[in-house]
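Next come the chains, spelled out residue by residue.
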Amino acid sequence: MPVLRAFARPLLASIFAVQGGSSLLHPERVAARAEPVVRPVAEHVPAVPADPEQAVRINGAVQLAGATLLAVGRMPRLSALAIAATLVPTTLAGHRFWEEDDPQERAQQRIHFLKNLAILGGLLLAAADTAGAPSLAWRGGHAAAGARRDVARTRRTARVAARAGVRAGRLSARRPAH
């Protein structure tokens, strides 16, 4: 599996490195398409700039940085998650097939929309990939199960010791005093 990850991560990251770099350097190319998504999001999320060019530039920077980290295998889960977070607004802004009047353009945009959904699925899998190491959820569950076993063992030991103490007390009570 490590060989597969070494090939798959850069392949998955490649489109985001190219598109992220392009958006970072030339945001005006896609700012007009991003505006219908940027404005409403900026109204509800104070961290998102209202200027579409600035939002596109930030989105591109996150994609480029995340793609670079994913491709070289540094913080792959976090970088895949960051890229996935940028892909949602990018897809909603760039491939609004439901607004297209031309059937051929609508079909083309729908294909791109679905392609991005498929890539989003791959990014979510990459974000969940622990590279063979147990996940935090597994470790927590395993530790909890171990603690439950320890508690049960301690409880059994305490019962056995208590019974032995009761028996010893009864025996000593039956003995005549010297």
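A few points on the structure. (Residues numbered from 1 in each chain as written. Predicted model: local features only at pLDDT ≥ 70, side-chain atom pairs only at ≥ 80, totals over all residues. Heavy atoms only, no water.)

1. Quick word on the environment of L70
Within the fold, L70 resides in helix 3 (residues 52-72). Setting aside anything within four residues of it in sequence, one finds L70 in contact with R9, L12, A13, P76, S79, A80, I83 and L123. (Helix = DSSP H or I, 4+ residues; strand = E, 2+ residues; numbered from the N terminus. Contact = heavy atoms within 4.5 Å.)

2. Observations regarding the side chain of Q109
Mapping Q109 onto the fold places it in helix 5 (residues 103-128). Of the residues examined, Q109 reaches a relative accessible area of 7% and is grouped as buried. Excluding residues within four positions of it along the chain, Q109 makes contact with R33, G94, H95, R96, F97 and E100. (Buried < 20%, exposed > 50% of the residue type's maximum accessible area, 1.4 Å probe, protein only.)

3. So, unusual backbone geometry
If you check the backbone angles, M75 has positive phi at about 45° while not being a glycine. By secondary structure assignment, the location of M75 is in the loop between helix 3 and helix 4 (76-94).

4. What to know about helix 1 (residues 2-25)
Between its first and last C-alpha, helix 1 extends 34 Å over 24 residues, near the 34 Å set by a 1.5 Å rise per residue. Approximately 35° is the largest bend angle found in helix 1, and it occurs at A13. Of all the positions in helix 1, only R5, R9, A13, F16, G20, G21 and S23 are classed as buried. On the buried face of helix 1, the contacting elements are helix 2 (28-44), helix 3, helix 4 and helix 5. (Expected span 1.5 Å × (residues − 1). Bend = angle between axes of the 7 residues up to and from the residue.)

5. Notes on the pattern of salt bridges
Enumeration over the complete set of coordinates arrives at 5 salt bridges. Among the salt bridges present, the one from R5 reaches D129, with a minimum N-O distance of 2.6 Å. Of this pair, R5 sits in helix 1 while D129 sits in the loop between helix 5 and helix 6 (136-174), placing them 124 residues apart in sequence. Residue D129 is classed as partly exposed on the basis of its relative accessible area of 22%. Here R39 ties to E35 by a salt bridge, and the two come within 3.1 Å at their closest N and O atoms. One end of the pair is R39 and the other is E35, both in helix 2 and 4 residues apart, which spans about a single turn. Salt bridges linked by common partners bring R5, R9 and D129 together as one network. (Salt bridge = Lys/Arg side-chain N within 4 Å of Asp/Glu carboxyl O.)

6. Describing the packing of aromatic side chains
Here the structure, examined in full by the defined rule, presents 3 aromatic pairs. Taking the centre distance of 5.2 Å and the plane angle of 80° together, the rings of F97 and W98 count as edge-to-face. Taking the relative accessible area as the measure of exposure, W98 reaches 39% and is therefore partly exposed. (Phe/Tyr/Trp six-rings, centres within 6.5 Å; stacked < 30°, edge-to-face > 60°.)

7. Overview of a nonpolar patch on the surface
Side chains of V3, F7 and L11 sit close together on the surface and give an oily, nonpolar patch of about 370 Å² of accessible area. Looking at where V3 falls in the secondary structure, it is placed in helix 1. For V3, a relative accessible area of 57% puts it in the exposed group. (Patch = residues over 30% accessible without salt bridge, like charges linked within 9 Å, V, L, I, M, F, W, Y side chains within 5 Å. Areas by Shrake-Rupley, 256 points an atom, 1.4 Å probe, with all protein chains shown as cover.)

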